[in-house]
Amino acid sequence: MKKILSSDYFWGNLQLQFLLAKPSNLDGLADRVASGSKRTELDQWIAKYEQEALEYVLGADMTRDLITAIEYEPADPPVPEDEPDPKWAWLKGIIYDETAKVSFVANYIWFKHDRFTSVKQTARAIVEKKVGNAEVVSNTINSVDIWNEFIVLGRKVQSLIIANESFADDVYVLPCLRNINEFGI
């Protein structure tokens, strides 16, 4: 799948600090290189989890059809009957709000990124990071909020799909989306 989501969607409560570092900052070469490396890592997280996020909300079949329509390239000469239904462009537009830079996909990727980078696996155990004299605090509340926002955004997309007559004759089954709490249940 071609990557659709960009780092522009990671702002506000989804903000990742390393995205704020600009190449023109006077932090030094090492900081700029590290920031560039982290940006590349974010692109890898997007490549790995973007389709999974879509499948979580849309189901595997609708995600497959959406990706096929998004990645459609017309033949030469174009064959009008092969062109994707406009409903797919509409669906992409409600999933990826280009104006507000909001998407449930960004929430899902932030959640995965936070979950797997807040601890480090070593040969002896899984450990939390410790920075100098700073105190490590749990990010559980923020993670729960991000996940639950993912669910709200996903349900909104599902409701719009159900209300759209273009999808009325389709036999897609939309997955059930569930909130979590700080206890992981």
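So, how was this worked out
Residues numbered from 1 in each chain as written. Predicted model: local features only at pLDDT ≥ 70, side-chain atom pairs only at ≥ 80, totals over all residues. Heavy atoms only, no water. pLDDT = per-residue confidence, 0-100. Contact = heavy atoms within 4.5 Å. Buried < 20%, exposed > 50% of the residue type's maximum accessible area, 1.4 Å probe, protein only. Helix = DSSP H or I, 4+ residues; strand = E, 2+ residues; numbered from the N terminus. Arc of directions from axis to C-beta. Axes fitted to C-alpha atoms, helices over the stretch in contact; angles between N-to-C directions. Parallel < 35°, antiparallel > 145°, perpendicular 65-115°, else oblique. Left-handed = near helix turned anticlockwise from the far one by under 90°. Nonpolar A, V, L, I, M, F, W, Y, C, P; charged D, E, K, R; others polar. Core = buried A, V, L, I, M, F, W, Y, C linked by side-chain atoms within 4.5 Å. Salt bridge = Lys/Arg side-chain N within 4 Å of Asp/Glu carboxyl O.

Examining the confidence of the model for the protein
Looking at the protein, the pLDDT average stands at 84 and 75% of residues meet or exceed 70. Counting interchain partners and residues more than four positions distant, the pLDDT-below-50 stretch residues 29–34 has 3 contacts.

Considerations on helix H2 (residues 60–70)
Because an α-helix packs 3.6 residues into every turn, residues spaced three or four apart end up facing the same way. Within H2, burial applies to Met62, Thr63, Leu66, Ile67 and Ala69. Seen end-on, H2 carries its buried residues on one side only, within an arc spanning 160°.

Here's the deal with the packing of helix H3 (residues 86–95) against helix H5 (residues 140–163)
Where H3 contacts H5, the two axes come as close as 10 Å, and the packing angle between them is 155°. Taken together, the axis directions place H3 and H5 in an arrangement best described as roughly antiparallel. The hand of the H3/H5 crossing is right-handed. Within the contact between the two elements, H3 uses Trp90, Leu91, Ile94 and Ile95 and H5 uses Val157, Leu160 and Ile161. Looking at the contact of H3 with H5 residue by residue, the class counts come to 7 nonpolar, no polar and no charged.

Examining the environment of Ile151
Note that Ile151 resides in helix H5. By relative accessible area, which is 0% here, Ile151 ends up buried. Residues Ile151 and Tyr108, 43 residues apart in the sequence, show an inter-C-alpha distance of 9.3 Å. Discounting residues that sit within four places of it in the chain, Ile151 has contacts with Leu177, Arg178 and Asn179.

Observations concerning the nonpolar core
Residues Phe10, Leu58, Leu91 and Ile95 are the most contacted members of the largest nonpolar core, which totals 37 residues. Secondary-structure elements contributing two or more residues to this core are helix H1 (29–58), H2, H3, helix H4 (104–117) and H5. It is H1 that provides the largest number of residues to this core, a total of 8 residues.

Details of the pattern of salt bridges
On inspection of all chains with the given rule, the structure shows 7 salt bridges. A salt bridge links Asp43 to Lys3, with the nearest nitrogen and oxygen atoms 3.3 Å apart. Taken together, the positions of Asp43 in helix H1 and Lys3 in the segment before H1 put the pair 40 residues apart, joining distant regions of the chain. You can call Asp43 partly exposed: its relative accessible area is 34%. For Asp170, the salt bridge goes to Lys87, with nearest N and O atoms at 2.6 Å. Note that Asp170 is positioned in the segment after H5 and Lys87 in helix H3, a separation of 83 residues in sequence. The exposure class of Asp170 is partly exposed, given its relative accessible area of 27%. One salt-bridge network, in which partners are shared between bridges, spans Asp61, Arg64 and Asp65.

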